[in-house]
Amino acid sequence: DWPSALTRLLALGADRPTPVVLDDAHHLLAAEPALGEHLAAALDQSAPPEEVLPRPRLILCGSGLATLRALTAPGGPLRGRARLRYAAEPADPDEARRWLPDPSDATLAVRVHALLGGVRGHHADLVAGDLPASRADLDRWIVARLLDPAAALAHEVDGLLADDPVLAANLPLHRSVLSAVARGADRLADLAAHLGKPTANVAPIVGRLVEAGLLAREDDPLRAQRPSYVMADPLVRFHLALHAPCRDAIRRHGPAMAWAHAREVAEERVHQPALAALARRWARRQAAPETLGGGGAHIGRSRPARASGASGESGAPRASAAPGASGGSVLDLVVAREAVDAPEPADPDQDDVAPGQREVAALGRAVAGPAHAQALRELEGARADLGRRAQRATLVVVAEEHDDDLRREAAGRGDVALVDPERLLSGS
């Protein structure tokens, strides 16, 4: 039985520190729900009286993150027994581009990252070692390696979702939430409306997807209690936003024609959100403070409430775009900090002032493809809407290309930063 098997297994460390690895442990836990308790008992039994004595080094690993994390969570059977809890991160985009035939093409690297992310296996065996050699080769590669029903990657996401027992227990529901986020819904209220369920019932589902590493929670730097949720895995985003909805068209007309009709959808639902996520990552990890108006500790996306009476250049109120749209009211990048003259928090246990009282250091928009001066006008409008606290905010336009008019205007101003793919991947 499991207790005797584990006792004998951990006895391997009786004479010297010995690593004992249980791979795909989430499947073992699905087969034997009491395995966590058995492990805890076996570890306690094998623990030597003196720390200097040998003992086994038990390593539990697998892709079912939600299941494994539950073992060491409060109330979990291995709570307090783990010395290391490590989630292997995908390669960062700058490292991942070195896997491409032409690592010097940063724009191509950003495009491929929007489709595959930074998992090495997605760039190797699952595409038969075939990666696009240039931007001109990208369409051929998408059709052959991502959309063709015979391609290995065409089925990878279905297997990935089914692989975690926590998600597989109600796979249609979890998949429905992911699909809604991939298509632009980003708030709990939006997801609840999509599912036809109360918000309180949807929150635990979203929480499990965050724990599993499939969704990322983005706190709004400017508004309290307004978190949004975005896709954390680019391959899952591509699959649910574009590939799965196109399956019937792929079967009827073939992947080449289906892709020809889906390019515009790919720009809006795949490449723009991926570029926006890279912009926030760049702001958190690489950008120099002077690039972002002095910087700030609060970085995220926002859909700020407009000031009363705010209007566009024509005097009419600016219309808000649908959630997730590239040119609407969602700000892809906001950098904020506590203002020098901000009041003290009313709650002494609160670390900082309310989001609504923070000073805005930078506002940014991500544009898939070429950016024009209109992107700057939209950011100027958002800055005006935010009023006095944003009056010195730097405006950041992240795009694959910036047209000449935009470059000329930015060169003559001190409040604009243009970020291209090369700067996004390896610059500050």
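Look a little higher up for the structure.
The rules behind these values
Numbering of residues begins from 1 in every chain and follows the order in which that chain's sequence is written. Only residues with pLDDT of 70 or above have their local features reported here, since the model is predicted, and side-chain atom pairs are shown and tallied only from 80 upward, although totals for entire chains, interfaces and linings are computed over all residues. Note that the side-chain values use all heavy atoms of the structure and ignore hydrogens as well as water. Axis angles are defined between N-to-C directions and span 0 to 180 degrees, where every axis is a line fitted to C-alpha atoms and, for a helix, only to the segment in contact. Note on conventions: DSSP H or I runs of at least 4 residues are helices, E runs of at least 2 residues are strands, and numbering of each starts at the N terminus. Roughly parallel covers angles under 35 degrees, roughly antiparallel covers those over 145, roughly perpendicular covers 65 to 115, and oblique covers all other angles. A clockwise turn of the near helix away from the far one marks a right-handed crossing, whereas an anticlockwise turn of less than a right angle marks a left-handed crossing. Throughout, a residue-residue contact means that at least one pair of heavy atoms, one from each residue, lies within 4.5 Å. Three categories are distinguished: nonpolar for Ala, Val, Leu, Ile, Met, Phe, Trp, Tyr, Cys and Pro, charged for Asp, Glu, Lys and Arg, and polar for the others, with Gly belonging to the last. Burial classes: relative accessible area under 20% of the type maximum marks a residue as buried, over 50% as exposed, and values in between as partly exposed (1.4 Å probe, protein chains only). Take the number of residues in a helix, subtract one, and multiply by 1.5 Å to get its expected span. Within this analysis, the arc is defined by the directions that extend from the helix axis to the C-beta atoms. When DSSP finds at least two bridges between two strands, those strands are taken to pair. The method works on a 1 Å grid over the protein atoms by themselves. A cavity is a set of points holding a 1.4 Å probe that cannot get out, a pocket is an open set with protein on both sides within 12 Å along at least five of seven lines, and residues with an atom within 4 Å of a point line them. Grid points are joined across faces, edges and corners, and a volume is the space filled by probe spheres set on the points.

Asks: I'd love a proper account of the packing of helix H8 (residues 156-163) against helix H13 (residues 234-243), names of residues and values included.
Replies: For the pair H8 and H13, interaxial distance at closest approach is 10 Å and the crossing angle is 115 degrees. The angle between H8 and H13 falls in the class roughly perpendicular. Pair H8 / H13 crosses with left-handed handedness. Contact with H8, carried on its side by Glu-156, Val-157, Asp-158 and Leu-160, involves Leu-235, Val-236 and His-239 of H13 and no other residues of that element. Taken together, the residues of the contact of H8 with H13 break down into four nonpolar, one polar and two charged.

Asks: I'd love a proper account of unusual backbone geometry, names of residues and values included.
Replies: Residue Asp-24 is not a glycine yet carries a positive backbone phi of 50 degrees. With respect to the element layout, Asp-24 can be found in the loop between strand E1 (18-22) and helix H2 (25-31). The partly exposed category is assigned to Asp-24, whose relative accessible area is 36%. A positive phi angle is found at Gln-225, which is not glycine, with a value near 55 degrees. Along the chain, the position of Gln-225 falls in the loop between strand E3 (215-218) and strand E4 (228-231). For Gln-225, a relative accessible area of 71% corresponds to the exposed category.

Asks: Let's hear about helix H12 (residues 199-211): which residues, and what values?
Replies: Along its 13 residues, H12 runs 18 Å from first to last C-alpha, staying within 8% of the 18 Å computed at 1.5 Å per residue. Among the residues of H12, those classed as buried are Val-202, Ile-205, Val-206 and Leu-209. Looking straight down H12, one finds its buried side chains confined to an arc of 100 degrees; they lie on one side. Downstream of H12 by one or two residues, Gly-213 has phi in the positive range, about 80 degrees.

Asks: Please set out the pairing of strand E5 (residues 298-302) residue by residue, giving values where relevant.
Replies: Burial analysis of E5 places five of its five residues in the buried class, which makes it a mostly covered element. Here E5 runs beside strand E6 (residues 331-338); their pairing, made up of four bridges, is antiparallel. Looking across to E6, one finds that His-298 is bridged to Ala-336.

Asks: Account for empty space enclosed by the protein, with residues named and values stated.
Replies: Scanning all chains against the criterion turns up five cavities of 30 Å³ or more. The space that makes up the second largest cavity amounts to roughly 50 Å³. Around the second largest cavity, the lining residues are Val-110, Arg-111, Ala-114, His-271, Ala-274, Leu-275, Leu-278, Ala-368 and Glu-400. For the lining of the second largest cavity, the elements supplying multiple residues, two or more each, are helix H6 (106-116) and helix H15 (255-285). Per-element accounting of the lining of the second largest cavity gives the leading share, four residues, to H15.

Taken by themselves, the reported measurements are silent on function.
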